[in-house]
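# Analysis of the macromolecular model
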Amino acid sequence: MKEPIKYYSTNLKAPKVSFREALLKGLAPDRGLYMPETIPTMTAREINALSGMPYYKVAYEVTKKFLYTELADDDLYNIVKNAYDFEVPLEKVHDEKHIMRLDQGPTASFKDFAARMMGRLINYYLKQENRRLVILTATSGDTGSAIANAFYGLNNIKVVVLYPEKEVTARQRKQMTTLGKNVQIISINGKFDDCQALVKKAFSDHELEYLHLSSANSINIGRLIPQIVYYFYAFAQLRPGNDNDSIIFSVPSGNFGDMMGGMLAKKMGLPVEKFIIATNENDEFPILLDKKVYNKIEPSKNCISSAMNVGHPSNLARLVALYGGVMNENGHISKQPDYNLMRTDLYAVSINDELTRKTIKKTYDHYQVLLEPHGAVGWAGLECFLEKYGQNYNNKKLFVSLETAHPAKFPEEIHKILNLDPELPQSLKGLDKKQEFIDSCNNSYQDFKDLLKNSF
Ligand SMILES: *Cc1c(COP(=O)(O)O)cnc(C)c1O
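Let me begin by describing the structure that accompanies this report.

## Let's talk about the site of the ligand
The local shell around the ligand holds 14 residues, among which Lys111, Gly254, Asn255, Phe256 and Thr404 are the closest. At a separation of 2.7 Å, an oxygen atom of the ligand approaches a polar backbone atom of Asn255. A distance of 3.0 Å is found between an oxygen atom of the ligand and a backbone nitrogen or oxygen belonging to Gly257. Within the shell around the ligand, the residues separate by chemical class into five nonpolar, seven polar and two charged.

## Regarding the sheet that holds strand β7 (residues 183–188)
Spatial strand order, β8-β5-β6-β7-β15: five strands in an open sheet with parallel pairing. Looking at strand neighbours, the two that pair on one side only are β8 (213–214) and β15 (439–441), the edges of this open sheet. Bridging between strand β6 (residues 157–164) and β7 involves six bridges; their strand directions are parallel. Bridging from a neighbouring strand, Tyr163 pairs with Ser187 of β7. Along the sheet, helix α6 (residues 142–151) contacts β5 (133–138), β6 and β7; its crossing angle with β6, the most-contacted strand, is approximately 165°. Helix α8 (residues 192–203) rests against β5, β6, β7 and β8 of the sheet, and its axis sits at about 150° to β5.

## Some points on the pairing of strand β9 (residues 247–252)
Within β9, six of the six residues are buried, which leaves the element mostly enclosed by the surrounding structure. Alternating positions in β9 separate into two faces, Ile247, Phe249 and Val251 on one and Ile248, Ser250 and Pro252 on the other, with burial throughout. Across six bridges, the pairing between β9 and strand β10 (residues 272–279) is parallel. The partner of Val251 across the bridge, within β10, is Ile277. Read as a crossover between parallel neighbours, the route from β9 over helix α11 (residues 257–268) to β10 is right-handed. Sheet analysis places β9 next to strand β14 (residues 398–403), joined by four bridges and oriented parallel.

## A few points about the packing of aromatic side chains
On inspection of all chains with the given rule, the structure shows 23 aromatic pairs. Ring geometry for Tyr55 and Tyr84: centres 5.2 Å apart, planes at 75°, overall edge-to-face. Highlighted residues: Tyr55 in helix α3 (residues 55–67) and Tyr84 in the loop between α4 (73–83) and β3 (90–94), separated in sequence by 29 residues. Taken individually, Tyr55 and Tyr84 each receive the classification buried, so the pair is uniform in this respect. A connected cluster of aromatic rings, assembled from ring pairs, spans Tyr55, Tyr84, Phe86, Phe113, Tyr230, Tyr231, Tyr233, Phe249 and Phe275.

Reading the values: rules and limits
Residues numbered from 1 in each chain as written. Predicted model: local features only at pLDDT ≥ 70, side-chain atom pairs only at ≥ 80, totals over all residues. Heavy atoms only, no water. Near = heavy atom within 4 Å. Polar contact = N/O pair within 3.5 Å; in protein donor to acceptor, adjacent residues only side chain to side chain. Nonpolar A, V, L, I, M, F, W, Y, C, P; charged D, E, K, R; others polar. Pairing = 2+ DSSP bridges. Helix = DSSP H or I, 4+ residues; strand = E, 2+ residues; numbered from the N terminus. Contact = heavy atoms within 4.5 Å. Axes fitted to C-alpha atoms, helices over the stretch in contact; angles between N-to-C directions. Buried < 20%, exposed > 50% of the residue type's maximum accessible area, 1.4 Å probe, protein only. Right-handed = clockwise from strand over helix to strand, strands pointing away. Phe/Tyr/Trp six-rings, centres within 6.5 Å; stacked < 30°, edge-to-face > 60°.

What follows is the structure in structure tokens.
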């Protein structure tokens, strides 16, 4: 039996920990992000064997490489089988250029892939230790529903989500409030910042320690590992049994969690020739790669691909670490990464809103493929890459661009551009008829605390 993989902090000032500790802690005590000290590999033969497998089986084979020392094979199998009970469509746009739709999960966003597996892993360890905890989070719309859905029905976890009464759409609200069971949704008569302030205060309130409050933030290593899987899945589905081939992915990026999953897939042995990193107008990374100068964008720019409005991607420290550098949580680089190698592996491009809209129109008109703003940034990135380097490839070259949300999540924008209303996916249908469970609370810490105490 091999040694379990240890996880180090990107700030290099915290002890190395096991997967279980990294998962339950989230952030390292030195405020760095956990990274695997060694990255397991898959041979070409193992990758070939993934061809034709359903998604959850690919998830089992790939994540087992990291987790086989951490939980029993059967338990891991059951976790992924339960987490991935939806389709992962690969759609040809033209030639060998495809989009992968990561939008068929319960909240119709690719965040379901990470959140559902992380939730189940956390629940697994809590159950073993006969412990419970309360996940507390504030949302301005989408994160709350992804978290609530990911932890829904898990016995050892309660979920409490605060949202600003007047700042979320009815559809966003109903994705959280119609769940019930272990999910408690609290509407606050205030703004998103007020909700966040209440959550922060609760985390530092000693009188609430008995509740074991925890956050489920996006930097958890338990969210990164599941995001390796779909890169393998795409290759295995589209190039069955062909290990002489390679693939180019385009990844619409905000906090860089998605692309870090891809980077780890490459390090594990997936033959990825290049990652196209497509950002919106928050272009701090394309500038870093081009000029070796890093400046956060504060405040971040508001673009129509709203989930990518990130002026300082939290997972960037992980990417820098993979290339031998050190970046702290504030974006300060104390050791430069190997930029030449980075440029060999990555092509980064910033796509503005105008080009994003044009891309939605063009892919629909030319190819009858419907994209939403995030996926359109990815596809536009792919087209920019082809414009520059397309002459190096024949039309058999395999490209996959990631579609990270369902078009029906952005009906206003799609309607403006295409004058049509995207059909709701199964997961979002019927919400209108379901009963909502909402607790209302004043924007007052005492009131909120009383409500929490009375709930548990
Ligand atoms: C979060 C999100 C992204 C960006 O993913 P990162 O991992 O933060 O780079 C892209 N598209 C959608 C729809 C998202 O919700």
